[in-house]
Amino acid sequence: MILAAAALITLSLWFVQNVRNRRKVAEREARYQIVLDQYAVDLKPGMNREQVERYLQTNGTRFRQMCCVATFRGVHASLVSSGWDDLVKIGEETAPWFCSENNVYIALEFNPKSQGELSDTNGSDILKRVSIFHQLEGCL
């Protein structure tokens with residue numbers, strides 16, 4: 001009887017903690033969506049990289065570049081015709097034991113203006129998508 005009561009209490013505590021964790025995740029995702037919505041209002045597909053990066057710099061927004069966000073999403077994109085994407089860090093999540101970071105970014109994904117351009121950044125690259133991007137980093 002005592003063992004059954006202890007198991008029931010343990011299961012109840014686990015369930016309550018699980019519900020709280022899910023609620024916290026949903027609240028963070030809602031905040032990320034609000035940030036995404038603001039970027040989507042200000043940065044429209046079709047803008048060139050020069051305009052987008054000027055916007056970021058004018059607002060004092062730090063960003064970094066990474067190749068091929070679509071590839072990390074599992075979308076099969078050609079690395080040859082892909083451009084570098086801009087990432088604006090907007091949050092951090094708990095990382096699994098095998099990674100040191102689990103960052104959340106606004107991904108500003110670009111297409112090179114023409115297929116003949118090198119995959120290096122170019123001010124004429126065209127913004128194709130603004131989205132939320134979760135990235136595990138520092139993984140084993």
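Above this note sits the structure.
Model, not experiment: these values are computed from the prediction.

Q: Can you walk me through the overall build of the protein in this structure?
A: Within the protein, the regular secondary structure consists of three helices and four strands. In the protein, the succession of α and β elements from N to C terminus is α-α-β-α-β-β-β. Looking at the protein as a whole, 31% of its 140 residues are labelled buried. For the protein, the proportion of contacts with a sequence separation of at least 24, taken over those separated by at least 6, is 59%.

Q: Explain the nonpolar core to me, please; I cannot follow it from the model alone.
A: The tendency in soluble globular proteins is for nonpolar side chains to be buried as a group. Within the largest apolar cluster, 15 residues are counted, with the highest numbers of intra-cluster contacts made by Tyr-39, Leu-43, Val-52, Ile-106, Leu-108, Leu-127 and Val-130. Of all the elements, strand E3 (residues 101-111) adds the most residues to this core, at four residues. With residues near it in sequence (within four places) discarded, Val-52 still touches Leu-43, Met-47, Leu-108, Phe-110 and Leu-127. If you look at the next biggest cluster of nonpolar residues, it comprises six residues, including Met-66, Val-69, Leu-87 and Ala-107.

Q: So what exactly am I meant to see when it comes to the state of the cysteines here?
A: Joining two cysteines, a disulfide is a covalent bond between their sulfur atoms. Counted according to the given criterion, the structure contains two disulfides. A disulfide bridge connects Cys-67 with Cys-68, and the sulfur atoms are separated by 2.0 Å. With a sulfur-sulfur separation of 1.8 Å, Cys-99 is cross-linked through a disulfide to Cys-139. Looking along the S-S bond of the Cys-99-Cys-139 disulfide, the torsion reads about 100°, which is the right-handed sense. With Cys-99 in the loop between strand E2 (84-93) and E3 and Cys-139 in the segment after strand E4 (126-137), the pair connects residues that are 40 residues apart, well separated along the chain. For Cys-99, a relative accessible area of 8% gives the class buried. Take Cys-139: its relative accessible area is 37%, and that puts it in the partly exposed class.

Q: Would you explain a nonpolar patch on the surface in this entry?
A: Side chains of Leu-11, Trp-14, Phe-15, Val-16 and Val-19 sit close together on the surface and give an oily, nonpolar patch of about 500 Å² of accessible area. Turning to its location among the elements, Trp-14 is positioned in helix H1 (residues 2-42).

Q: Please clarify how unusual backbone geometry should be interpreted in this entry.
A: Outside of glycine, negative phi angles account for most residues, and trans bonds account for most peptide bonds. A positive phi angle, close to 65°, is found at Cys-68, a residue other than glycine. Along the chain, Cys-68 turns up in the loop between strand E1 (64-67) and helix H3 (69-72). Relative accessible area serves as the criterion here: at 5%, Cys-68 is assigned to the buried category.

How each quantity is defined
- Residues numbered from 1 in each chain as written.
- Predicted model: local features only at pLDDT ≥ 70, side-chain atom pairs only at ≥ 80, totals over all residues.
- Heavy atoms only, no water.
- Helix = DSSP H or I, 4+ residues; strand = E, 2+ residues; numbered from the N terminus.
- Buried < 20%, exposed > 50% of the residue type's maximum accessible area, 1.4 Å probe, protein only.
- Contact = heavy atoms within 4.5 Å.
- Core = buried A, V, L, I, M, F, W, Y, C linked by side-chain atoms within 4.5 Å.
- Disulfide = S-S within 2.5 Å.
- Patch = residues over 30% accessible without salt bridge, like charges linked within 9 Å, V, L, I, M, F, W, Y side chains within 5 Å.
- Areas by Shrake-Rupley, 256 points an atom, 1.4 Å probe, with all protein chains shown as cover.
- Salt bridge = Lys/Arg side-chain N within 4 Å of Asp/Glu carboxyl O.

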